[in-house]
Amino acid sequence: MPQLPIHRMSSPAQAIRWMIAALLLLAWMPAQAASLHWTDSKGAMHSLDEYKGKPVLVHFWASWCGPCRHEMPALTAWLKKHPQVTIIPISLDSSLADAQAFLTSNHFDLPAQLTDSAQAMGMGARGLPTTLAIASDGTIKARQIGTLPWEDPSFSDTVLSMLKP
């Protein structure tokens, strides 16, 4: 198996940059979605297995996350324009009550659902917000850590094309 030529690097900093670049490339490669479980506002457990055969967006967020709070109005407006898209918004708040309070106080029409950081990290969420586009066959088509331009029509077209069955 070919090795990265780390031993030929001129400095440790250059070797670290190579390793980070390789990890970033791996993060964007399609992969099968791992097992993900979350709890809804009624205490029922759910998993990605319930959505087999259907493309979905999984969106990890938290009420204490500044970028998440900033992105939420655009995301909910986008979802109103695209009701055919199945989104699973999952909070990493410490309690469902915290997530529900944030959604209610800001009039966001999204379900309060909760998981823990281990579940989110298993899906590649290394920061918040994180959005995953998962194809109907369970392949992760895209993973984005950070806010997204939900208002941009070309971005919207890209997301919709990724979610076509």
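Details of the structure are given in the entry above.
Heads up: these notes are all about the structure in this document.

The rules behind each value
Residues numbered from 1 in each chain as written. Predicted model: local features only at pLDDT ≥ 70, side-chain atom pairs only at ≥ 80, totals over all residues. Heavy atoms only, no water. Helix = DSSP H or I, 4+ residues; strand = E, 2+ residues; numbered from the N terminus. Buried < 20%, exposed > 50% of the residue type's maximum accessible area, 1.4 Å probe, protein only. Contact = heavy atoms within 4.5 Å. Areas by Shrake-Rupley, 256 points an atom, 1.4 Å probe, with all protein chains shown as cover. Arc of directions from axis to C-beta. Pairing = 2+ DSSP bridges. Disulfide = S-S within 2.5 Å. Core = buried A, V, L, I, M, F, W, Y, C linked by side-chain atoms within 4.5 Å. Right-handed = clockwise from strand over helix to strand, strands pointing away.

### Re the overall build of the protein chain
Turning to step 1, where the next piece is worked out: Scanning the protein chain for helices and strands turns up five helices and eight strands.
Turning to step 2, where the next piece is worked out: Along the protein chain, from the amino end to the carboxyl end, the secondary structure elements read α-β-β-β-β-α-β-α-β-α-β-β-α.
Turning to step 3, where the next piece is worked out: When the 165 residues of the protein chain are sorted by exposure, 42% land in the buried category.
Turning to step 4, where the next piece is worked out: The contacts of the protein chain with a sequence gap of at least 6 include a subset with a gap of at least 24, amounting to 65%.
Turning to step 5, where the next piece is worked out: When the accessible surface of the protein chain is summed, it comes to about 9500 Å², and 60% of that surface belongs to carbon and sulfur atoms.

### Concerning helix α3 (residues 96-105)
Turning to step 1, where the next piece is worked out: Inspection of α3 places L96, A99, F102 and L103 among the buried residues, and these make up the whole buried set. Seen end-on, α3 carries its buried residues on one side only, within an arc spanning 135°. Among the exposed residues of α3, those pointing more than 90 degrees away from its buried face are A97 and S105.
Turning to step 2, where the next piece is worked out: Looking one or two residues beyond α3, the residue adopting positive phi is H107, at roughly 60°.

### Observations regarding the side chain of D40
Turning to step 1, where the next piece is worked out: Among the structural elements, D40 can be located in strand β2 (residues 37-40).
Turning to step 2, where the next piece is worked out: For D40, the contacting residues outside a window of four places in its chain are H46, L96, A112 and Q113.

### Points about the pairing of strand β8 (residues 139-145)
Turning to step 1, where the next piece is worked out: Where strand β7 (residues 130-134) lies against β8, five bridges are found, and the strand directions are antiparallel. Paired with T131 across the two strands is Q144, which belongs to β8.
Turning to step 2, where the next piece is worked out: In this antiparallel pair of consecutive strands, β7 and β8, the connection spans four residues, and G138 shows a positive phi of 90°.

### Remarks on the state of the cysteines
Turning to step 1, where the next piece is worked out: Applying the stated criterion to the full structure yields one disulfide.
Turning to step 2, where the next piece is worked out: At a sulfur-sulfur separation of 2.5 Å, the disulfide partner of C65 is C68. Across the S-S bond of C65 and C68 the torsion is about 75°, and the bridge reads as right-handed. Each member of the pair, C65 together with C68, is buried.

### Things to note about unusual backbone geometry
Turning to step 1, where the next piece is worked out: Residue P129 is reached from L128 by a cis peptide bond, and omega for that bond is -10°.
Turning to step 2, where the next piece is worked out: Here P129 shows up in the loop between α4 (117-122) and β7.
Turning to step 3, where the next piece is worked out: You will see that H107, though not glycine, has its phi angle at about 60°, which is positive.
Turning to step 4, where the next piece is worked out: Taking the relative accessible area as the measure of exposure, H107 reaches 70% and is therefore exposed.

### Concerning the nonpolar core
Turning to step 1, where the next piece is worked out: With 27 residues, the main nonpolar core has L57, W61, M72, W78, L103 and W150 as its most contacted residues.
Turning to step 2, where the next piece is worked out: Mapped onto this core, the elements with two or more residues apiece are β4 (56-61), α2 (66-81), α3 and α5 (153-162).
Turning to step 3, where the next piece is worked out: Ignoring any residue separated from it by four or fewer positions in sequence, one finds W150 in contact with L57, E71, A74, L75, W78, T131 and F155.
Turning to step 4, where the next piece is worked out: One finds W38, V56, F60 and A120 within the second-largest nonpolar core, a separate group that totals 15 residues.

### Let's talk about the environment of A77
Turning to step 1, where the next piece is worked out: Residue placement: A77 occurs in helix α2.
Turning to step 2, where the next piece is worked out: Note on A77: relative accessible area 37%, which makes it partly exposed.
Turning to step 3, where the next piece is worked out: Residues A77 and W150, spaced 73 residues apart in sequence, show a C-alpha to C-alpha distance of 8.4 Å.

### A word on the pairing of strand β5 (residues 87-91)
Turning to step 1, where the next piece is worked out: Among the five residues of β5, five are classified as buried, and the element is accordingly described as predominantly covered.
Turning to step 2, where the next piece is worked out: Burial along β5 is two-sided: I87, P89 and S91 and I88 and I90, pointing in opposite directions, are all buried.
Turning to step 3, where the next piece is worked out: Note that β4 and β5 share five bridges and pair parallel. Opposite V58, over in β5, you have I88 as the bridge partner.
Turning to step 4, where the next piece is worked out: What joins β4 to β5 is α2, and the crossover it makes is right-handed.

Nothing here speaks to function; it is all geometry.
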